[in-house]
Amino acid sequence: MKNILLAVTGGIAAYKAIDLTSKLTQAGYDVRVMLTEHAQQFVTPLSFQAISRNAVYTDTFMEQNPAEIQHITLGDWADAIIIAPATANIISKLSHGLADDMVSTTLLATTTPKLIAPAMNVHMYENPRIQANMATLKADGYHFIEPGEGFLACGYIAKGRMAEPLDIIAGLKQLHAPQEAALAKKVDSYFTGKHVLITAGPTVEEIDPVRFVSNRASGKTGYAIAAALVAQGAHVTLVSGPTYLTPPEGVTFVSVTSAKEMFEAVVSRYDAQDVVFKTAAVSDYTPVNKLEHKMKKQDGNVTVEFERTQDILKYLGEHKTHQMLVGFAAETQNVAHYAQQKLERKNADVIIANNVGDRSIGFNSDDNEVTLYFKNGDAQTLEKGPKSELAFKILAALESSWRV
(Lines give C-alpha, C1' and ligand atoms only; values in the text may rest on other atoms or scores of the structure.)
Protein backbone atom coordinates (compact mmCIF):
# COMPACT_ATOMS: atom_id res chain seq x y z
CA MET A 1 0.00 0.00 0.00
CA LYS A 2 1.19 3.49 -0.79
CA ASN A 3 1.18 6.17 1.89
CA ILE A 4 -0.27 9.43 0.57
CA LEU A 5 -0.06 12.77 2.33
CA LEU A 6 -2.71 15.17 1.01
CA ALA A 7 -2.14 18.91 1.52
CA VAL A 8 -5.31 20.97 1.15
CA THR A 9 -4.98 24.73 0.76
CA GLY A 10 -7.50 27.57 0.82
CA GLY A 11 -9.54 27.58 -2.34
CA ILE A 12 -13.17 26.82 -3.12
CA ALA A 13 -12.00 23.59 -4.79
CA ALA A 14 -11.12 22.28 -1.32
CA TYR A 15 -14.49 20.52 -1.35
CA LYS A 16 -13.12 18.28 -4.12
CA ALA A 17 -10.32 17.21 -1.78
CA ILE A 18 -12.90 15.38 0.36
CA ASP A 19 -13.91 13.31 -2.66
CA LEU A 20 -10.23 12.81 -3.54
CA THR A 21 -9.57 11.48 -0.04
CA SER A 22 -12.48 9.05 -0.39
CA LYS A 23 -11.35 7.78 -3.79
CA LEU A 24 -7.73 7.40 -2.65
CA THR A 25 -8.87 5.40 0.37
CA GLN A 26 -11.11 3.19 -1.78
CA ALA A 27 -8.17 2.60 -4.12
CA GLY A 28 -6.15 1.15 -1.26
CA TYR A 29 -4.02 4.13 -0.27
CA ASP A 30 -3.36 5.05 3.35
CA VAL A 31 -4.17 8.78 3.40
CA ARG A 32 -3.20 11.45 5.90
CA VAL A 33 -4.37 15.01 5.43
CA MET A 34 -2.94 18.45 6.21
CA LEU A 35 -5.11 21.58 6.09
CA THR A 36 -3.96 25.17 5.98
CA GLU A 37 -5.76 27.76 8.07
CA HIS A 38 -7.42 29.15 4.93
CA ALA A 39 -8.51 25.67 3.81
CA GLN A 40 -10.45 25.35 7.04
CA GLN A 41 -12.63 28.26 5.93
CA PHE A 42 -14.00 25.93 3.23
CA VAL A 43 -13.78 22.42 4.74
CA THR A 44 -13.38 20.94 8.21
CA PRO A 45 -10.78 18.51 9.60
CA LEU A 46 -13.56 16.19 10.78
CA SER A 47 -14.66 15.43 7.21
CA PHE A 48 -11.19 14.19 6.28
CA GLN A 49 -10.71 12.34 9.56
CA ALA A 50 -13.96 10.42 9.07
CA ILE A 51 -13.05 9.36 5.54
CA SER A 52 -9.33 8.65 5.97
CA ARG A 53 -9.62 7.22 9.50
CA ASN A 54 -6.46 9.12 10.33
CA ALA A 55 -5.71 12.23 12.34
CA VAL A 56 -5.74 15.52 10.41
CA TYR A 57 -2.87 17.98 10.78
CA THR A 58 -3.50 21.71 10.93
CA ASP A 59 -0.89 23.31 13.20
CA THR A 60 2.90 23.03 13.04
CA PHE A 61 3.11 23.59 16.78
CA MET A 62 0.48 21.04 17.78
CA GLU A 63 2.78 18.06 18.25
CA GLN A 64 0.58 14.99 18.74
CA ASN A 65 3.53 12.76 19.64
CA PRO A 66 6.30 14.31 21.78
CA ALA A 67 8.75 11.74 20.43
CA GLU A 68 8.36 13.10 16.89
CA ILE A 69 8.52 16.36 14.99
CA GLN A 70 5.35 15.84 13.02
CA HIS A 71 6.12 17.95 9.93
CA ILE A 72 9.33 15.91 9.52
CA THR A 73 7.76 12.56 10.35
CA LEU A 74 4.84 13.09 7.95
CA GLY A 75 7.13 13.83 5.04
CA ASP A 76 9.23 10.74 5.81
CA TRP A 77 6.11 8.57 6.15
CA ALA A 78 4.63 9.51 2.79
CA ASP A 79 5.43 7.75 -0.48
CA ALA A 80 3.96 10.76 -2.30
CA ILE A 81 2.46 14.12 -1.41
CA ILE A 82 -0.49 15.63 -3.27
CA ILE A 83 -1.24 19.36 -3.00
CA ALA A 84 -4.89 19.71 -4.03
CA PRO A 85 -6.14 22.29 -4.44
CA ALA A 86 -2.88 24.19 -4.80
CA THR A 87 -3.50 27.92 -4.63
CA ALA A 88 -1.33 30.67 -6.09
CA ASN A 89 -0.25 31.37 -2.53
CA ILE A 90 1.19 27.92 -1.76
CA ILE A 91 2.83 27.69 -5.20
CA SER A 92 4.52 31.07 -4.61
CA LYS A 93 5.61 30.18 -1.08
CA LEU A 94 7.16 26.90 -2.14
CA SER A 95 8.99 28.42 -5.08
CA HIS A 96 10.56 31.00 -2.76
CA GLY A 97 11.29 28.59 0.10
CA LEU A 98 8.88 30.15 2.58
CA ALA A 99 7.68 27.97 5.47
CA ASP A 100 5.14 29.55 7.81
CA ASP A 101 2.48 26.87 8.37
CA MET A 102 1.99 23.10 8.61
CA VAL A 103 1.75 22.53 4.87
CA SER A 104 4.69 24.66 3.74
CA THR A 105 7.04 23.47 6.50
CA THR A 106 6.26 19.82 5.69
CA LEU A 107 6.68 20.27 1.93
CA LEU A 108 10.00 22.08 2.26
CA ALA A 109 11.35 19.53 4.74
CA THR A 110 10.93 16.41 2.61
CA THR A 111 12.35 14.88 -0.56
CA THR A 112 9.21 12.79 -1.13
CA PRO A 113 7.75 13.07 -4.68
CA LYS A 114 5.11 15.80 -4.89
CA LEU A 115 2.13 16.23 -7.23
CA ILE A 116 0.55 19.68 -7.47
CA ALA A 117 -3.02 20.22 -8.67
CA PRO A 118 -3.43 24.01 -9.17
CA ALA A 119 -6.84 25.67 -8.82
CA MET A 120 -7.42 29.41 -9.22
CA ASN A 121 -8.86 32.18 -11.36
CA VAL A 122 -7.69 31.99 -14.98
CA HIS A 123 -5.95 35.40 -14.90
CA MET A 124 -4.17 34.42 -11.70
CA TYR A 125 -3.11 31.12 -13.28
CA GLU A 126 -1.79 32.89 -16.37
CA ASN A 127 -0.04 35.62 -14.39
CA PRO A 128 3.63 35.67 -15.46
CA ARG A 129 4.81 35.52 -11.85
CA ILE A 130 2.71 32.41 -11.08
CA GLN A 131 3.85 30.78 -14.32
CA ALA A 132 7.47 31.54 -13.35
CA ASN A 133 6.92 30.10 -9.88
CA MET A 134 5.48 26.90 -11.35
CA ALA A 135 8.43 26.65 -13.73
CA THR A 136 10.76 26.96 -10.75
CA LEU A 137 9.00 24.14 -8.93
CA LYS A 138 9.03 21.94 -12.04
CA ALA A 139 12.77 22.50 -12.32
CA ASP A 140 13.08 21.51 -8.66
CA GLY A 141 11.32 18.18 -9.35
CA TYR A 142 7.71 18.96 -8.50
CA HIS A 143 5.11 17.30 -10.72
CA PHE A 144 1.99 19.12 -11.92
CA ILE A 145 -1.40 18.01 -13.15
CA GLU A 146 -2.96 20.64 -15.36
CA PRO A 147 -6.19 22.35 -14.22
CA GLY A 148 -9.27 21.81 -16.33
CA GLU A 149 -11.43 24.28 -18.19
CA GLY A 150 -14.99 25.12 -17.16
CA PHE A 151 -17.10 27.27 -14.91
CA LEU A 152 -14.98 28.89 -12.17
CA ALA A 153 -16.21 30.21 -8.83
CA CYS A 154 -15.44 33.75 -10.01
CA GLY A 155 -17.95 33.36 -12.85
CA TYR A 156 -15.47 32.91 -15.69
CA ILE A 157 -15.66 29.92 -18.00
CA ALA A 158 -11.97 29.28 -18.49
CA LYS A 159 -8.94 27.28 -17.37
CA GLY A 160 -8.37 27.05 -13.64
CA ARG A 161 -10.59 24.26 -12.30
CA MET A 162 -8.79 21.73 -10.10
CA ALA A 163 -8.32 18.43 -11.91
CA GLU A 164 -10.92 15.80 -11.06
CA PRO A 165 -10.00 13.29 -8.32
CA LEU A 166 -9.76 10.34 -10.71
CA ASP A 167 -7.41 12.34 -12.95
CA ILE A 168 -5.25 13.16 -9.95
CA ILE A 169 -5.10 9.48 -8.99
CA ALA A 170 -4.11 8.63 -12.57
CA GLY A 171 -1.34 11.21 -12.31
CA LEU A 172 -0.27 9.69 -9.01
CA LYS A 173 0.02 6.24 -10.58
CA GLN A 174 2.18 7.65 -13.36
CA LEU A 175 4.33 9.29 -10.71
CA HIS A 176 4.92 5.93 -9.06
CA ALA A 177 5.19 3.84 -12.22
CA PRO A 178 9.02 3.98 -12.42
CA GLN A 179 9.35 3.09 -8.73
CA GLU A 180 6.89 0.21 -8.96
CA ALA A 181 8.55 -1.09 -12.10
CA ALA A 182 11.89 -1.05 -10.33
CA LEU A 183 10.46 -2.99 -7.40
CA ALA A 184 8.77 -5.54 -9.62
CA LYS A 185 11.45 -5.89 -12.27
CA LYS A 186 12.87 -9.04 -10.71
CA VAL A 187 10.35 -11.36 -12.34
CA ASP A 188 12.75 -14.29 -12.21
CA SER A 189 12.74 -14.36 -8.43
CA TYR A 190 12.54 -17.48 -6.29
CA PHE A 191 8.88 -16.65 -5.67
CA THR A 192 7.81 -16.28 -9.30
CA GLY A 193 5.04 -18.80 -9.96
CA LYS A 194 5.08 -20.09 -6.38
CA HIS A 195 1.87 -20.54 -4.38
CA VAL A 196 2.30 -18.56 -1.17
CA LEU A 197 -0.08 -18.22 1.78
CA ILE A 198 0.23 -15.39 4.28
CA THR A 199 -1.60 -14.91 7.55
CA ALA A 200 -1.88 -11.34 8.82
CA GLY A 201 -3.46 -9.14 11.46
CA PRO A 202 -4.88 -10.09 14.85
CA THR A 203 -7.54 -12.59 15.75
CA VAL A 204 -10.55 -11.75 17.91
CA GLU A 205 -11.89 -14.09 20.60
CA GLU A 206 -15.43 -13.25 21.75
CA ILE A 207 -16.42 -13.26 25.41
CA ASP A 208 -19.97 -12.13 24.72
CA PRO A 209 -21.67 -10.19 21.89
CA VAL A 210 -20.04 -6.98 23.18
CA ARG A 211 -16.65 -7.93 24.62
CA PHE A 212 -13.67 -9.71 23.13
CA VAL A 213 -9.97 -10.43 23.60
CA SER A 214 -7.50 -9.43 20.90
CA ASN A 215 -4.09 -7.78 20.45
CA ARG A 216 -2.43 -4.73 18.88
CA ALA A 217 -1.40 -6.29 15.56
CA SER A 218 -2.20 -4.03 12.59
CA GLY A 219 -1.53 -6.47 9.74
CA LYS A 220 0.77 -3.97 8.00
CA THR A 221 3.74 -6.34 7.73
CA GLY A 222 1.70 -9.22 6.33
CA TYR A 223 -0.09 -7.01 3.82
CA ALA A 224 3.24 -5.49 2.73
CA ILE A 225 4.75 -8.94 2.17
CA ALA A 226 1.66 -9.98 0.21
CA ALA A 227 2.03 -6.94 -2.08
CA ALA A 228 5.74 -7.61 -2.55
CA LEU A 229 5.07 -11.25 -3.46
CA VAL A 230 2.45 -10.25 -6.04
CA ALA A 231 5.01 -7.87 -7.55
CA GLN A 232 7.43 -10.79 -7.86
CA GLY A 233 4.93 -13.00 -9.65
CA ALA A 234 3.73 -15.26 -6.84
CA HIS A 235 0.19 -16.64 -6.51
CA VAL A 236 -0.75 -15.17 -3.14
CA THR A 237 -3.47 -16.12 -0.67
CA LEU A 238 -3.87 -13.66 2.20
CA VAL A 239 -5.72 -14.97 5.26
CA SER A 240 -6.40 -11.97 7.47
CA GLY A 241 -7.95 -11.22 10.80
CA PRO A 242 -9.83 -7.93 11.28
CA THR A 243 -7.83 -4.87 10.13
CA TYR A 244 -8.50 -1.45 8.61
CA LEU A 245 -6.24 -2.26 5.64
CA THR A 246 -7.27 -2.78 2.03
CA PRO A 247 -6.01 -6.09 0.59
CA PRO A 248 -3.34 -5.62 -2.11
CA GLU A 249 -4.48 -6.04 -5.69
CA GLY A 250 -3.82 -9.51 -7.08
CA VAL A 251 -4.22 -11.55 -3.90
CA THR A 252 -6.84 -14.14 -3.05
CA PHE A 253 -8.28 -12.67 0.13
CA VAL A 254 -9.76 -14.75 2.95
CA SER A 255 -11.29 -12.87 5.88
CA VAL A 256 -11.42 -14.56 9.28
CA THR A 257 -12.09 -13.44 12.83
CA SER A 258 -11.07 -16.02 15.43
CA ALA A 259 -8.03 -18.24 15.88
CA LYS A 260 -10.19 -21.27 15.08
CA GLU A 261 -11.33 -19.73 11.79
CA MET A 262 -7.76 -18.84 10.85
CA PHE A 263 -6.56 -22.36 11.65
CA GLU A 264 -9.25 -23.90 9.46
CA ALA A 265 -8.62 -21.47 6.59
CA VAL A 266 -4.88 -22.15 6.61
CA VAL A 267 -4.96 -25.92 7.08
CA SER A 268 -7.53 -26.43 4.32
CA ARG A 269 -5.18 -24.68 1.86
CA TYR A 270 -1.84 -25.89 3.20
CA ASP A 271 -1.17 -28.80 0.84
CA ALA A 272 -1.35 -26.54 -2.22
CA GLN A 273 1.24 -24.05 -0.93
CA ASP A 274 4.95 -23.79 -1.65
CA VAL A 275 5.64 -21.19 1.04
CA VAL A 276 3.73 -20.02 4.12
CA PHE A 277 4.37 -16.75 5.96
CA LYS A 278 2.64 -16.81 9.33
CA THR A 279 2.77 -13.13 10.25
CA ALA A 280 -0.58 -13.03 12.07
CA ALA A 281 -0.66 -12.44 15.81
CA VAL A 282 -2.99 -15.28 16.75
CA SER A 283 -4.63 -15.30 20.17
CA ASP A 284 -3.08 -17.99 22.36
CA TYR A 285 -6.26 -18.35 24.42
CA THR A 286 -10.00 -18.20 23.83
CA PRO A 287 -12.87 -18.15 26.34
CA VAL A 288 -14.15 -21.59 27.24
CA ASN A 289 -17.73 -20.35 27.30
CA LYS A 290 -18.85 -17.67 24.86
CA LEU A 291 -21.95 -16.02 26.28
CA GLU A 292 -25.00 -15.67 24.04
CA HIS A 293 -26.02 -12.39 25.68
CA LYS A 294 -24.14 -9.45 27.12
CA MET A 295 -22.57 -10.12 30.51
CA LYS A 296 -24.23 -7.74 32.97
CA LYS A 297 -22.29 -5.69 35.47
CA GLN A 298 -22.27 -7.16 38.96
CA ASP A 299 -20.70 -6.51 42.35
CA GLY A 300 -17.20 -7.83 42.89
CA ASN A 301 -14.75 -9.39 40.49
CA VAL A 302 -15.50 -11.68 37.58
CA THR A 303 -13.48 -14.59 36.26
CA VAL A 304 -13.40 -15.71 32.64
CA GLU A 305 -11.94 -19.13 32.01
CA PHE A 306 -9.73 -19.47 28.92
CA GLU A 307 -8.44 -22.46 27.01
CA ARG A 308 -5.55 -22.78 24.59
CA THR A 309 -6.18 -22.22 20.91
CA GLN A 310 -4.70 -24.48 18.26
CA ASP A 311 -1.04 -23.58 17.62
CA ILE A 312 -1.14 -22.96 13.87
CA LEU A 313 2.61 -22.66 13.28
CA LYS A 314 3.36 -25.80 15.27
CA TYR A 315 0.72 -27.74 13.35
CA LEU A 316 2.15 -26.58 10.02
CA GLY A 317 5.66 -27.52 11.11
CA GLU A 318 4.53 -31.00 12.12
CA HIS A 319 2.65 -31.61 8.87
CA LYS A 320 4.81 -29.93 6.25
CA THR A 321 5.98 -31.97 3.30
CA HIS A 322 7.50 -29.74 0.64
CA GLN A 323 6.55 -26.33 2.06
CA MET A 324 8.96 -23.65 3.27
CA LEU A 325 7.63 -22.30 6.54
CA VAL A 326 8.30 -18.76 7.79
CA GLY A 327 7.17 -17.83 11.28
CA PHE A 328 7.24 -14.51 13.07
CA ALA A 329 8.14 -13.77 16.68
CA ALA A 330 6.95 -10.53 18.26
CA GLU A 331 8.90 -10.24 21.50
CA THR A 332 9.55 -7.62 24.17
CA GLN A 333 12.70 -9.16 25.70
CA ASN A 334 15.37 -11.79 24.96
CA VAL A 335 14.34 -11.58 21.32
CA ALA A 336 17.14 -13.75 19.87
CA HIS A 337 16.72 -16.45 22.53
CA TYR A 338 12.97 -16.77 22.11
CA ALA A 339 13.17 -16.65 18.31
CA GLN A 340 15.72 -19.45 18.16
CA GLN A 341 13.66 -21.55 20.58
CA LYS A 342 10.57 -20.99 18.44
CA LEU A 343 12.47 -21.97 15.30
CA GLU A 344 13.29 -25.36 16.80
CA ARG A 345 9.98 -26.02 18.59
CA LYS A 346 7.81 -25.19 15.59
CA ASN A 347 9.99 -26.91 12.98
CA ALA A 348 10.04 -23.72 10.90
CA ASP A 349 12.61 -22.91 8.24
CA VAL A 350 12.91 -19.27 9.28
CA ILE A 351 11.74 -17.17 12.21
CA ILE A 352 11.57 -13.41 11.66
CA ALA A 353 11.74 -11.61 14.98
CA ASN A 354 11.25 -8.05 16.12
CA ASN A 355 11.04 -6.18 19.41
CA VAL A 356 7.47 -4.91 19.72
CA GLY A 357 8.41 -3.27 22.99
CA ASP A 358 9.96 -0.55 20.85
CA ARG A 359 6.91 1.51 19.85
CA SER A 360 8.74 3.00 16.85
CA ILE A 361 8.85 -0.44 15.20
CA GLY A 362 6.11 -2.30 17.06
CA PHE A 363 2.45 -2.88 16.38
CA ASN A 364 0.73 -0.19 14.30
CA SER A 365 4.04 1.45 13.36
CA ASP A 366 4.73 2.01 9.66
CA ASP A 367 8.36 1.01 10.25
CA ASN A 368 9.99 -2.17 11.43
CA GLU A 369 13.39 -3.67 12.13
CA VAL A 370 13.72 -7.44 12.07
CA THR A 371 16.22 -10.27 12.33
CA LEU A 372 15.84 -13.45 10.30
CA TYR A 373 16.91 -16.66 12.07
CA PHE A 374 17.50 -19.52 9.64
CA LYS A 375 17.34 -23.24 10.30
CA ASN A 376 21.03 -23.64 9.38
CA GLY A 377 22.03 -21.29 12.20
CA ASP A 378 22.51 -18.14 10.13
CA ALA A 379 21.00 -14.84 11.22
CA GLN A 380 20.51 -11.62 9.27
CA THR A 381 19.32 -8.28 10.62
CA LEU A 382 17.43 -5.87 8.38
CA GLU A 383 17.77 -2.31 9.60
CA LYS A 384 14.81 -0.10 10.44
CA GLY A 385 12.76 1.06 7.48
CA PRO A 386 9.21 1.30 6.11
CA LYS A 387 7.40 -2.03 6.20
CA SER A 388 6.59 -1.67 2.50
CA GLU A 389 10.31 -1.58 1.69
CA LEU A 390 11.30 -4.10 4.34
CA ALA A 391 8.98 -6.65 2.72
CA PHE A 392 11.13 -6.71 -0.43
CA LYS A 393 14.29 -7.00 1.66
CA ILE A 394 12.82 -9.97 3.53
CA LEU A 395 12.05 -11.71 0.24
CA ALA A 396 15.55 -10.97 -1.04
CA ALA A 397 17.10 -12.43 2.12
CA LEU A 398 14.98 -15.57 1.86
CA GLU A 399 15.75 -15.99 -1.82
CA SER A 400 19.47 -15.65 -1.16
CA SER A 401 19.26 -18.46 1.38
CA TRP A 402 16.82 -20.75 -0.44
CA ARG A 403 17.67 -20.47 -4.11
CA VAL A 404 19.86 -23.34 -5.25
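Here the structure is a predicted model, which is why all the values come from computation and not from measurement. (Residues numbered from 1 in each chain as written. Predicted model: local features only at pLDDT ≥ 70, side-chain atom pairs only at ≥ 80, totals over all residues. Heavy atoms only, no water.)

### Topic: the packing of helix α9 (residues 220–231) against helix α13 (residues 387–402)
Logical step 1: It is at 8 Å that the axes of α9 and α13 come closest, and there the two elements cross at 60°. Classified by the angle their axes make, α9 and α13 are oblique. In this structure, α9 meets α13 at a crossing whose hand is right-handed. Contacts between α9 and α13 involve Lys220, Thr221, Ala224, Ile225, Ala228, Leu229 and Ala231 from the former and Lys387, Ser388, Ala391, Phe392, Ile394 and Leu395 from the latter.
Logical step 2: Grouping the constituent residues of the contact of α9 with α13 by class yields 9 nonpolar, 2 polar and 2 charged. (Axes fitted to C-alpha atoms, helices over the stretch in contact; angles between N-to-C directions. Helix = DSSP H or I, 4+ residues; strand = E, 2+ residues; numbered from the N terminus. Parallel < 35°, antiparallel > 145°, perpendicular 65-115°, else oblique. Left-handed = near helix turned anticlockwise from the far one by under 90°. Contact = heavy atoms within 4.5 Å. Nonpolar A, V, L, I, M, F, W, Y, C, P; charged D, E, K, R; others polar.)

### Here we look at the nonpolar core
Logical step 1: Core analysis: the largest hydrophobic core is formed by 35 residues, its most contacted members being Phe191, Leu229, Phe277 and Leu398.
Logical step 2: Elements that contribute at least two residues to this core include exactly β9 (195–200), α9, β12 (235–240), β14 (275–278), β17 (324–331), β18 (350–355), β19 (367–374) and α13.
Logical step 3: Looking at this core element by element, the count peaks at 8 residues for α13.
Logical step 4: Leaving out residues up to four positions away in the same chain, Phe191 has contacts with Val196, Leu229, Gln232, Gly233, Ala234, Val275, Phe277, Leu395, Leu398 and Trp402.
Logical step 5: Counting 28 residues, the second-largest nonpolar core is a separate cluster that includes Ala13, Ala14, Ile145 and Ile169. (Core = buried A, V, L, I, M, F, W, Y, C linked by side-chain atoms within 4.5 Å. Buried < 20%, exposed > 50% of the residue type's maximum accessible area, 1.4 Å probe, protein only.)

### Observations regarding the sheet that holds strand β4 (residues 80–86)
Logical step 1: As summarised here, the arrangement of the 6 strands in space is β3-β2-β1-β4-β5-β6, forming an open sheet in which the pairing is parallel. Sheet topology places β3 (56–57) and β6 (143–144) at the edges, where each strand pairs with a single neighbour.
Logical step 2: Of the strand pairs in this sheet, β4 and strand β5 (residues 114–118) are connected by 4 bridges, and their pairing is parallel. Looking across to β5, one finds that Ile83 is bridged to Ile116.
Logical step 3: Relative to the sheet, helix α4 (residues 88–95) contacts β4, β5 and β6, its axis offset from that of β4 by approximately 135°. (Pairing = 2+ DSSP bridges.)

### Topic: the confidence of the model for the protein chain
Logical step 1: The predicted model of the protein chain averages 87 in pLDDT, with 92% of residues at 70 or higher.
Logical step 2: Taken together, the stretch residues 181–186 has pLDDT below 50 and engages in 5 contacts with residues farther than four places along the chain or on a different chain. (pLDDT = per-residue confidence, 0-100.)

### Here's the deal with a nonpolar patch on the surface
Logical step 1: Together, Ile12, Tyr15 and Phe42 make up an exposed nonpolar region whose accessible area comes to about 330 Å².
Logical step 2: On the secondary structure map, Ile12 appears in the loop between β1 (3–8) and α1 (14–26). (Patch = residues over 30% accessible without salt bridge, like charges linked within 9 Å, V, L, I, M, F, W, Y side chains within 5 Å. Areas by Shrake-Rupley, 256 points an atom, 1.4 Å probe, with all protein chains shown as cover. Salt bridge = Lys/Arg side-chain N within 4 Å of Asp/Glu carboxyl O.)

### Here's the deal with the UniProt feature "binding site: CTP" (unreviewed entry) in the protein chain
Logical step 1: Taken from the UniProt record, the annotation "binding site: CTP" (unreviewed entry) applies to Asp284, Lys294, Phe328, Lys342 and Lys346. Over a stretch of 63 residues, the named residues are scattered through the fold, their C-alpha atoms separated by up to 37.6 Å.
Logical step 2: Relative to the assigned elements, Lys294 resides in the loop between β15 (285–287) and β16 (306–308).
Logical step 3: Among the residues examined, Lys294 registers a relative accessible area of 44% and is labelled partly exposed. (UniProt positions renumbered as here; feature names shortened; annotations may be inferred.)

### As for the packing of aromatic side chains
Logical step 1: Under the criterion given, the structure shown has 5 aromatic pairs.
Logical step 2: With a centroid separation of 5.1 Å and an interplanar angle of 85°, the aromatic rings of Tyr190 and Phe191 are classed as edge-to-face.
Logical step 3: Of the residues examined, Phe191 reaches a relative accessible area of 0% and is grouped as buried.
Logical step 4: For the pair Phe191 and Phe277, a centre-to-centre distance of 6.4 Å together with 45° between the ring planes defines the contact as tilted. You can see Phe191 sitting in the loop between α8 (165–184) and β9 and its partner Phe277 sitting in strand β14, a full 86 residues away along the chain.
Logical step 5: A network of ring pairs unites the aromatic residues Tyr190, Phe191, Phe277 and Trp402 as a single cluster. (Phe/Tyr/Trp six-rings, centres within 6.5 Å; stacked < 30°, edge-to-face > 60°.)

### Examining the domain arrangement of the protein chain
Many analyses report the size of an interface as the accessible area lost when the parts associate.
Logical step 1: Looking at the assigned domains, one finds that the protein chain contains domain 1 (3–181) and domain 2 (195–293 + 302–403).
Logical step 2: For domain 1 versus domain 2, the separation of C-alpha centres amounts to 36 Å. (Domains from an automatic or database assignment.)

### What to know about the pairing of β4
Logical step 1: The element β4 is largely enclosed, with a buried count of 7 among its 7 residues.
Logical step 2: As judged from the 4 bridges shared by β1 and β4, these two strands associate in the parallel manner. Bridge pairing in β4 links Ala7 to Ile83.

### Quick notes on the pairing of β18
Logical step 1: Counting buried positions along β18 yields 5 of 6 residues, so the element is predominantly enclosed.
Logical step 2: When β17 meets β18, the two strands line up parallel, connected through 6 bridges. The residue of β18 that forms the bridge with Gly327 is Ile351.
Logical step 3: At this point the chain moves from β17, through helix α12 (residues 335–345), to the parallel β18, and the crossover so formed is right-handed.
Logical step 4: The pairing of β18 with β19 spans 4 bridges and is antiparallel. Among the inter-strand pairings, Val350 is bridged to a residue of β19, identified as Phe374. (Right-handed = clockwise from strand over helix to strand, strands pointing away.)

### Considerations on α1
Logical step 1: Under the 1.5 Å per step criterion, the end-to-end length of α1 is 19 Å for 13 residues, consistent within 8% with the ideal 18 Å.
Logical step 2: By the burial criterion, the buried members of α1 are Ala14, Lys16, Ala17, Leu20, Thr21 and Leu24. The buried residues of α1 occupy an angular sector of 150° when the element is viewed end-on, so they sit on one face. Away from its buried face, by an angle of more than 90 degrees, α1 presents the exposed residues Tyr15 and Gln26. (Expected span 1.5 Å × (residues − 1). Arc of directions from axis to C-beta.)

### Examining the side chain of Asn54
Logical step 1: Inspection of the secondary structure assignment puts Asn54 in the loop between α2 (45–52) and β3.
Logical step 2: Other than its neighbours up to four places away in sequence, Asn54 contacts Asp30, Val31, Arg32 and Gln49.

### Section: the pattern of salt bridges
Logical step 1: Using the criterion set out here, one finds 10 salt bridges in the structure.
Logical step 2: A salt bridge links Lys23 to Asp19; the shortest N-O distance between them is 2.8 Å. Here Lys23 pairs with Asp19, and both are found in helix α1, just 4 residues apart, close to one helical turn.
Logical step 3: Judged by relative accessible area, Asp19 falls into the partly exposed class, the value being 34%.
Logical step 4: A salt bridge links Lys93 to Asp100, with the shortest nitrogen-to-oxygen separation between them at 2.7 Å.
Logical step 5: A relative accessible area of 9% places Lys93 in the buried class.
Logical step 6: Take Asp100: its relative accessible area is 57%, and that puts it in the exposed class.

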